[in-house]
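# Chains, contacts and geometry: an overview
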Amino acid sequence: MITQALFHFVMMDNEVDVFYRELPKVELHAHLNGSVSCPTIEKLISRKPHLNIGHGMTAIGKGQRRTLDECFQVFKVIHQLVDTEEDILMVATDVIKEFAADGVKYLELRSTPREEKHTGLTKKSYIETVIKAIKQCKSEGVDIDVRFLVAIDRRNGTEVAMETVKLAEDFMLSSDGLVLGLDLSGDPTVGHGKDLLPALQKAKNCGLKLSLHLSEVPSQLEESDLLLDLPPDRIGHGTFLHPAMGGSQGLVDKVVKHNIPLELCLTSNVKGQTVARYSDHHFKHWYQMGHPSVICTDDKGVFSTDLSQEYQLAASTFDLSREAVWKLSHDAIDCIFAPDTVKQQLKQKWIYLQGN
Ligand SMILES: CC(C)=CCNc1ncnc2c1ncn2[C@@H]1O[C@H](COP(=O)(O)O)[C@@H](O)[C@H]1O
Ligand SMILES: [Zn+2]
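In this text, all values refer to a predicted model and were calculated from it rather than measured experimentally.

### With respect to unusual backbone geometry
Residue Pro 231 is bonded to the preceding Leu 230 through a cis peptide linkage, with omega at -15°. For Pro 231, the location among the structural elements is in the loop between helix 9 (221-227) and strand 6 (234-237). Positive phi, normally seen in glycine, also occurs at Gln 273, with a value near 65°. In this structure, Gln 273 sits in the loop between helix 11 (266-271) and helix 12 (283-288). The residue Asp 298 is not glycine, and still its phi comes out positive at about 75°. Residue position: Asp 298 is located in the loop between strand 8 (293-295) and helix 13 (307-318).

The structure is reproduced here in structure tokens:
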């Protein structure tokens with residue numbers, strides 16, 4: 001598996017300057033099934049040839065764009081390929097090793113626990129299997145600290161959200177600090193956040209950290225206003241919060257007041273067409289304000305990218321010096337959900353790597 005992770009990395013390496021590859025990085029917004037690389041998809045396809053799934057159906061290549069709806073169809077295809085404990089173990093192990101090969105030193109993976117009656121997969125065994133993969137990579141000495149966020153798919157409504165919070169709480173208490181929080185994701189055009197507020201409030205009260213996809217599409221201003229009062233511990237995308245993007249000063253004020261870091265995913269937003277071009281990305285507004293902004297991949301498999309490329313893209317688009325890029329990756333440490341001791345260890349690692 002190491003060989004395949006390295007192959008993938010060498011293939012992508014042509015496009016990325018070694019500075020970005022060697023830059024130590026923190027990845028805080030990565031959906032497990034959106035992060036599956038081509039070599040892993042190939043292994044999954046060979047396990048399930050009867051599904052007749054081709055590569056073009058699981059990734060969006062260079063220069064391509066898709067509607068948001070088409071992007072969400074891609075996840076459905078991947079979910080067909082990943083429906084057993086064995087698949088999840090392989091996918092999670094490969095994804096972790098690929099992030100490590102890309103210079104990511106700390107990773108918060110997120111995934112929606114799924115039940116698959118025909119294979120016996122349960123939501124509990126789903127999470128247990130991801131945890132098993134994290135522990136397996138650690139025991140093999142893979143140089144990356146990996147944590148897990150349990151995801152709520154907003155499409156599934158109030159009751160499932162409440163069940164997911166309970167599950168996440170159980171694992172938070174029994175996983176030796178591996179399960180740290182909750183993610184709210186899924187098709188932003190479906191459902192309303194107000195129906196999920198009680199579940200999110202409960203999660204917060206029991207000590208789960210919250211990362212919420214907010215204002216990924218323009219129509220969510222009222223929902224964002226409501227969810228920001230929780231407040232969440234981090235925001236995914238927040239594309240339409242800023243007045244320059246059609247949001248409002250009131251929303252920005254709330255984000256600033258609570259000092260809520262943003263997880264920003266340039267390629268995802270451009271390929272999903274919520275941002276027209278890289279130079280229009282809302283990174284520029286928040287970064288200029290000095291607000292905590294963390295570069296992330298979202299779905300490195302689906303969007304055919306990796307974190308080094310995303311840093312390079314941010315730097316070339318917004319004219320960031322190497323010092324500024326280094327500071328950007330260093331400052332991401334303060335936004336992780338793991339405790340202060342872990343932050344200190346990571347900061348030591350950054351200092352060590354800068355000197356070498
Ligand atoms: C369409 C598009 C531009 C996608 C990127 N933005 C996203 N917005 C909201 N939810 C997402 C996004 N990317 C992945 N997800 C969530 O992550 C799931 C896939 O990873 P997993 O099965 O939870 O392991 C998707 O089914 C979806 O619920
Ligand atoms: Zn996301």
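Here the narrative resumes, following the displayed structure.
### Brief notes about the pairing of strand 2 (residues 104-111)
In summary, the side chains of a regular strand alternate between the two faces of the sheet. For strand 2, a buried count of 8 out of 8 residues is recorded, marking the element as mostly surrounded by other parts of the structure. Note: strand 1 (residues 25-31) against strand 2, 5 bridges, orientation parallel. Its bridge partner being in strand 2, Ala 30 is matched across the sheet by Leu 109. Relative to strand 3 (residues 145-153), strand 2 is paired through 6 bridges, and the arrangement is parallel. Note on strand 3: the bridge partner recorded for Tyr 106 is Asp 145.

### Structural notes on the nonpolar core
Membership of the largest hydrophobic core comes to 107 residues, with the highest contact counts inside it found for Tyr 106, Leu 107, Ile 144, Leu 182 and Leu 200. Top element by residues in this core is helix 5 (residues 85-101). It accounts for 9 residues. Ignoring any residue separated from it by four or fewer positions in sequence, one finds Leu 107 in contact with Glu 27, Ala 30, Ile 96, Phe 99, Ile 144, Asp 145, Val 146 and Arg 147.

### Side note on the packing of helix 5 against helix 6 (residues 123-139)
Remark: helix 5 packs on helix 6, axes separated minimally by 9 Å, with the N-to-C direction vectors making an angle of 40°. One element, helix 5, and the other, helix 6, form an angle in the oblique class. As for how helix 5 packs across helix 6, the hand of that crossing is right-handed. Every residue of helix 6 that contacts helix 5 at Glu 85, Ile 88, Leu 89, Ala 92, Thr 93, Ile 96 and Lys 97 is listed here: Ser 125, Tyr 126, Thr 129, Val 130, Lys 132, Ala 133, Ile 134, Gln 136 and Cys 137.

### With respect to the UniProt feature "domain: Adenosine deaminase" (unreviewed entry) in the chain
Per the UniProt annotation, the sites labelled "domain: Adenosine deaminase" (unreviewed entry) are residues 24-349. End C-alpha atoms of residues 24-349 are separated by 8 Å, and the span's content is 44% helix alongside 14% strand.

### What to know about the site of ligand 1
By nearness alone, 22 residues border ligand 1, and His 79, Ser 111, Thr 112, Glu 216 and Asp 299 come closest of all. Here an oxygen atom of ligand 1 sits 2.6 Å away from a polar atom, N or O, in the side chain of Ser 111. Glu 216 has a polar side-chain atom sitting 2.8 Å from a nitrogen atom of ligand 1. In the complex, 98% of the free accessible area of ligand 1, which totals 600 Å², lies under the protein chains. The site holding ligand 1 turns out to be the largest pocket.

### What to know about the pattern of salt bridges
For side chains bearing opposite charge, pairing can occur when the charged atoms are close. According to the stated counting rule, one finds 28 salt bridges in the structure shown. Note that Asp 145 and Arg 147 form a salt bridge whose closest N and O atoms lie 2.8 Å from each other. Of the charged contacts, one joins Asp 340 and Lys 343 as a salt bridge, the two residues approaching to 3.7 Å between their closest N and O atoms. Residue Asp 340 and its partner Lys 343 are both found in helix 15 (residues 340-354); the two are separated by 3 residues, about one turn of the helix. Connected via shared salt-bridge partners are Glu 108, Arg 110, Asp 183, Arg 234 and Glu 263.

### Observations regarding the coordination of the zinc ion (ligand 2)
Protein coordination at the zinc ion (ligand 2) comes from His 29 (NE2), His 31 (NE2), His 213 (NE2) and Asp 298 (OD), with a distance range of 2.1 to 2.2 Å. What the 4 donor atoms of the zinc ion (ligand 2) show is an angle range of 82 to 167° at the metal, which sorts the shape as irregular.

### Thoughts on the pairing of strand 5 (residues 209-214)
Along strand 5, 5 of the 6 residues are buried, which leaves the element largely enclosed by surrounding structure. As judged from the 4 bridges shared by strand 4 (residues 179-185) and strand 5, these two strands associate in the parallel manner. Within strand 5, the residue paired with Asp 183 across the bridge is Ser 211. Taken together, strand 4, helix 8 (residues 197-205) and strand 5 constitute a β-α-β crossover, and its handedness is right-handed. Handedness of the crossover joining strand 5 and strand 6 through helix 9 is recorded here as right-handed.

### Let's talk about the environment of His 192
When you line up the elements, His 192 lands in the loop between strand 4 and helix 8. Sequence separation of His 192 and Glu 216 is 24 residues, and the distance between their C-alpha atoms is 13 Å. With near-sequence residues (within four places) excluded, His 192 lies in contact with Arg 154, Glu 222 and Glu 223.

### Quick look at empty space enclosed by the protein
On inspection of all chains with the given rule, the structure shows 2 cavities of 30 Å³ or more. Around the second largest cavity, the lining residues are Arg 154, Leu 184, Ser 185, Gly 186, Pro 188, His 213, Leu 214, Ser 215, Glu 216 and Gln 220. Within the residue set of the lining of the second largest cavity, elements represented by two or more residues are strand 4 and strand 5. Taken together, the residues of the lining of the second largest cavity sort by class into 3 nonpolar, 5 polar and 2 charged.

### A few points about the packing of aromatic side chains
Inspection of every chain in the model, using the stated rule, returns 4 aromatic pairs. Ring plane angle 55° and centroid distance 5.7 Å describe the contact between Phe 72 and Phe 75, whose orientation is recorded as tilted. Highlighted residues: Phe 72 and Phe 75, both in helix 4 (residues 68-81), separated by 3 residues, approximately one helical turn. Residue classification places Phe 75 among the buried positions, given a relative accessible area of 17%. With 4.9 Å between their ring centres and 15° between their planes, Phe 283 and Tyr 287 make a pair best called stacked. Of this pair, Phe 283 and Tyr 287 both sit in helix 12, 4 residues apart, which is roughly one turn of that helix. You can call Phe 283 buried: its relative accessible area is 0%. You can call Tyr 287 partly exposed: its relative accessible area is 31%. Through successive ring pairs, a cluster of aromatic residues spans Phe 283, Tyr 287 and Phe 318.

Criteria and thresholds
- Residues numbered from 1 in each chain as written.
- Chains lettered and ligands numbered in written order.
- Predicted model: local features only at pLDDT ≥ 70, side-chain atom pairs only at ≥ 80, totals over all residues.
- Heavy atoms only, no water.
- Helix = DSSP H or I, 4+ residues; strand = E, 2+ residues; numbered from the N terminus.
- Buried < 20%, exposed > 50% of the residue type's maximum accessible area, 1.4 Å probe, protein only.
- Pairing = 2+ DSSP bridges.
- Core = buried A, V, L, I, M, F, W, Y, C linked by side-chain atoms within 4.5 Å.
- Contact = heavy atoms within 4.5 Å.
- Axes fitted to C-alpha atoms, helices over the stretch in contact; angles between N-to-C directions.
- Parallel < 35°, antiparallel > 145°, perpendicular 65-115°, else oblique.
- Left-handed = near helix turned anticlockwise from the far one by under 90°.
- UniProt positions renumbered as here; feature names shortened; annotations may be inferred.
- Near = heavy atom within 4 Å.
- Polar contact = N/O pair within 3.5 Å; in protein donor to acceptor, adjacent residues only side chain to side chain.
- Areas by Shrake-Rupley, 256 points an atom, 1.4 Å probe, with all protein chains shown as cover.
- 1 Å grid on protein atoms, 1.4 Å probe; cavity = no way out; pocket = protein on both sides within 12 Å on 5 of 7 lines; lining within 4 Å.
- Sits in = over half its atoms within 2 Å of the grid points.
- Salt bridge = Lys/Arg side-chain N within 4 Å of Asp/Glu carboxyl O.
- Donors = N, O, S within 2.8 Å, 3.2 Å for Na, K, Ca; no water.
- Tetrahedral: all angles 85-135°; square planar, octahedral: opposite > 155°, others 65-115°.
- Right-handed = clockwise from strand over helix to strand, strands pointing away.
- Points joined across faces, edges and corners; volume = space filled by probe spheres on them.
- Nonpolar A, V, L, I, M, F, W, Y, C, P; charged D, E, K, R; others polar.
- Phe/Tyr/Trp six-rings, centres within 6.5 Å; stacked < 30°, edge-to-face > 60°.

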